[in-house]
Amino acid sequence: MSLKKRYFKSDMKFFSNAAIAFIIASTTALSGCQTGTVLNGGYVVDQQSLNLVPEGSSREQVLLSLGTPSTTATFDGEVFYYISQRRTRAVAFQKLKVVDQTVLAIYFDKDGVVTRRANYTLQDGKVFDTISRVTPTGGKELTFLQQMLSGGSAASAARSLFGGGAGGTPQNPSSLR
């Protein structure tokens, strides 16, 4: 005798309703996971405004046409930098990744006249870190213990503080008066 499960019409209706409910619930849940973020920040270069600032324009004309720059430099003549970045992340808790960056540089001579314009992108160099406002420097930073072991400035300060100075005698603050 073989036992075979029979499905009745009411059972089939239940299964089809359950399948539809499952599809709707999974679609709703997956659409809630779409948290990809694209953040645009900084100055967006408008070609029409840029055409108002040809070479030979004054600093005031640049400020009127393009607005206040993102940052300036005053090393070899003055330079206005207009910086824009596009950053993305796939999920809300991930770190932002710079996808695109443009830096419009307007160079002035000593009289405040535009000598040249340049447009730099990510392919031209490093990423400008406009958020942390920290300038990377060369060399390496040493901890206090590393400086002590290497005989750096912290080691010489500790020697002079604890009496291991050049003369071999500890410094007495009362004798310095």
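Rules of the game
Residues numbered from 1 in each chain as written. Predicted model: local features only at pLDDT ≥ 70, side-chain atom pairs only at ≥ 80, totals over all residues. Heavy atoms only, no water. Buried < 20%, exposed > 50% of the residue type's maximum accessible area, 1.4 Å probe, protein only. Helix = DSSP H or I, 4+ residues; strand = E, 2+ residues; numbered from the N terminus. Arc of directions from axis to C-beta. Core = buried A, V, L, I, M, F, W, Y, C linked by side-chain atoms within 4.5 Å. Contact = heavy atoms within 4.5 Å. Patch = residues over 30% accessible without salt bridge, like charges linked within 9 Å, V, L, I, M, F, W, Y side chains within 5 Å. Areas by Shrake-Rupley, 256 points an atom, 1.4 Å probe, with all protein chains shown as cover. Salt bridge = Lys/Arg side-chain N within 4 Å of Asp/Glu carboxyl O. Phe/Tyr/Trp six-rings, centres within 6.5 Å; stacked < 30°, edge-to-face > 60°. Lys NZ or Arg CZ within 6 Å of the ring centre and 35° of its normal.

Novice: What should I look at first to understand helix H3 (residues 59–66) in this one?
Specialist: Every α-helix carries 3.6 residues per turn, so stepping three or four residues along brings you back to the same face. For H3, the full list of buried residues reads Val 62, Ser 65 and Leu 66. Buried positions in H3, seen along its axis, are confined to an arc of 75 degrees and lie on one side of it. Exposed residues pointing more than 90 degrees away from the buried face of H3 are listed as Glu 60 and Leu 64.

Novice: Whenever I open this one, the nonpolar core confuses me. Can you help?
Specialist: Generally speaking, nonpolar side chains in soluble globular proteins are found buried as a group. Tyr 43, Leu 50, Val 53, Val 62, Leu 66, Phe 80, Tyr 82, Leu 104, Ile 106, Phe 108 and Val 114 together form the largest nonpolar core, which totals 11 residues. At the level of secondary structure, the elements contributing two or more residues to this core comprise H3, strand S3 (79–89) and strand S4 (97–108). With three residues, the top contributor of residues to this core is S4. In this structure Tyr 82 touches Tyr 43, Val 62, Leu 66, Gly 67, Thr 68, Pro 69, Ser 70, Thr 102, Val 103, Leu 104 and Ile 106, once residues within four positions along its chain are discounted. The next biggest cluster of nonpolar side chains, apart from the first, holds eight residues, and it includes Tyr 81, Ala 105, Tyr 107 and Ala 118.

Novice: What should I look at first to understand a nonpolar patch on the surface in this one?
Specialist: Nonpolar side chains collect at one region of the surface, where Phe 144, Leu 145, Met 148 and Leu 149 lie side by side and expose about 460 Å² of accessible area between them. Positionally, Leu 149 belongs in helix H4 (residues 144–150).

Novice: Please clarify how the packing of aromatic side chains should be interpreted in this entry.
Specialist: How two aromatic rings sit relative to each other is set out by the distance from centre to centre and by the angle between their planes. Counting across every chain of the model gives two aromatic pairs. Considering the side-chain rings of Tyr 43 and Tyr 82, the 4.9 Å spacing of their centres and the 50 degrees angle between planes classify their relative orientation as tilted. Of this pair, Tyr 43 sits in the loop between strand S1 (37–42) and helix H2 (47–51) while Tyr 82 is found in strand S3, placing the two residues 39 residues apart along the sequence. Judged by centre distance (4.8 Å) and plane angle (70 degrees), the ring pair of Phe 80 and Phe 108 falls under edge-to-face. You can see Phe 80 sitting in strand S3 and its partner Phe 108 sitting in strand S4, a full 28 residues away along the chain. Note on Phe 80: relative accessible area 4%, which makes it buried. Judged by relative accessible area, which is 3%, Phe 108 ranks as buried. Over the aromatic face of Phe 108 sits the side chain of Arg 59, whose NZ or CZ is 5.2 Å from the ring centroid. When the ring centre of Tyr 107 is taken as reference, the NZ or CZ atom of Arg 116 above it lies at 4.1 Å.

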